[in-house]
Amino acid sequence: HTVADRASDLVVNAMGFLGVPYKRGGNSAETGFDCSGFVRAIYQQTVGLVLPRRADQQAASTQVIDKKELQPG
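What counts and what doesn't
Residues numbered from 1 in each chain as written. Predicted model: local features only at pLDDT ≥ 70, side-chain atom pairs only at ≥ 80, totals over all residues. Heavy atoms only, no water. Helix = DSSP H or I, 4+ residues; strand = E, 2+ residues; numbered from the N terminus. Buried < 20%, exposed > 50% of the residue type's maximum accessible area, 1.4 Å probe, protein only. Contact = heavy atoms within 4.5 Å. Phe/Tyr/Trp six-rings, centres within 6.5 Å; stacked < 30°, edge-to-face > 60°. Core = buried A, V, L, I, M, F, W, Y, C linked by side-chain atoms within 4.5 Å. 1 Å grid on protein atoms, 1.4 Å probe; cavity = no way out; pocket = protein on both sides within 12 Å on 5 of 7 lines; lining within 4 Å. Points joined across faces, edges and corners; volume = space filled by probe spheres on them. Nonpolar A, V, L, I, M, F, W, Y, C, P; charged D, E, K, R; others polar.

Some thoughts on the overall build of the chain
Okay, so step 1: When helices and strands are counted, the chain shows 3 helices and 2 strands.
Okay, so step 2: Written out in order from the N terminus, the α and β elements of the chain read α-β-β-α-α.
Okay, so step 3: Principal axes of the C-alpha set define a box for the chain whose edges measure 40 × 25 × 20 Å.
Okay, so step 4: When burial is assessed residue by residue, the chain has 19% of its 73 residues classed as buried.
Okay, so step 5: The contacts of the chain with a sequence gap of at least 6 include a subset with a gap of at least 24, amounting to 30%.

Right, here's the structure in full:
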């Protein structure tokens, strides 16, 4: 299964973390997440994909999509 096939699973899993506090540098639901820590945890738990820890590293590891190929959703 691709990540796109599991999009609803990602959303449902993420919703389960509503109320977890923001914590700069945070990596866990127990102590709090920052943005990139949250994204990393959700992807690892839901699809088994281990992303880099920092947002700039996450962005650098993605596939480049040409603007002509962008689609809504």
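As for the packing of aromatic side chains
For any pair of aromatic rings, geometry is given as the distance between the ring centres together with the angle between the planes.
Okay, so step 1: Under the definition given, this model contains 3 aromatic pairs.
Okay, so step 2: Judged by centre distance (6.3 Å) and plane angle (85°), the ring pair of Phe 17 and Phe 38 falls under edge-to-face. Taken as a pair, Phe 17 in the loop between helix 1 (7-15) and strand 1 (27-28) and Phe 38 in helix 2 (residues 35-47) lie far apart in primary sequence, 21 residues in all.
Okay, so step 3: By relative accessible area, Phe 17 is classed as buried at 16%.
Okay, so step 4: Pairing Phe 33 with Phe 38 gives two aromatic rings, centres 5.6 Å apart and planes at 75°, and the pair type is edge-to-face.
Okay, so step 5: Overall, Phe 33 belongs to the buried group, its relative accessible area being 5%.

Remarks on the environment of Gly 48
Okay, so step 1: Looking at the element boundaries, Gly 48 is found in the loop between helix 2 and helix 3 (55-60).
Okay, so step 2: What makes Gly 48 exposed here is its relative accessible area of 53%.
Okay, so step 3: Sequence separation between Gly 48 and Phe 38 is 10 residues, and the spatial gap between their C-alpha atoms is 14 Å.

Quick word on the nonpolar core
Okay, so step 1: By size, the foremost hydrophobic cluster in this structure holds 5 residues: Leu 10, Phe 17, Phe 33, Ala 41 and Ile 42.
Okay, so step 2: Apart from the residues within four sequence positions on either side, Leu 10 is in contact with Val 3, Ile 42, Tyr 43 and Thr 46.

Considerations on the layout of surface pockets
Okay, so step 1: Considered as a void within the structure, the largest pocket measures approximately 160 Å³ in volume.
Okay, so step 2: Tallied by class, residues from the lining of the largest pocket come to 4 nonpolar, 3 polar and no charged.

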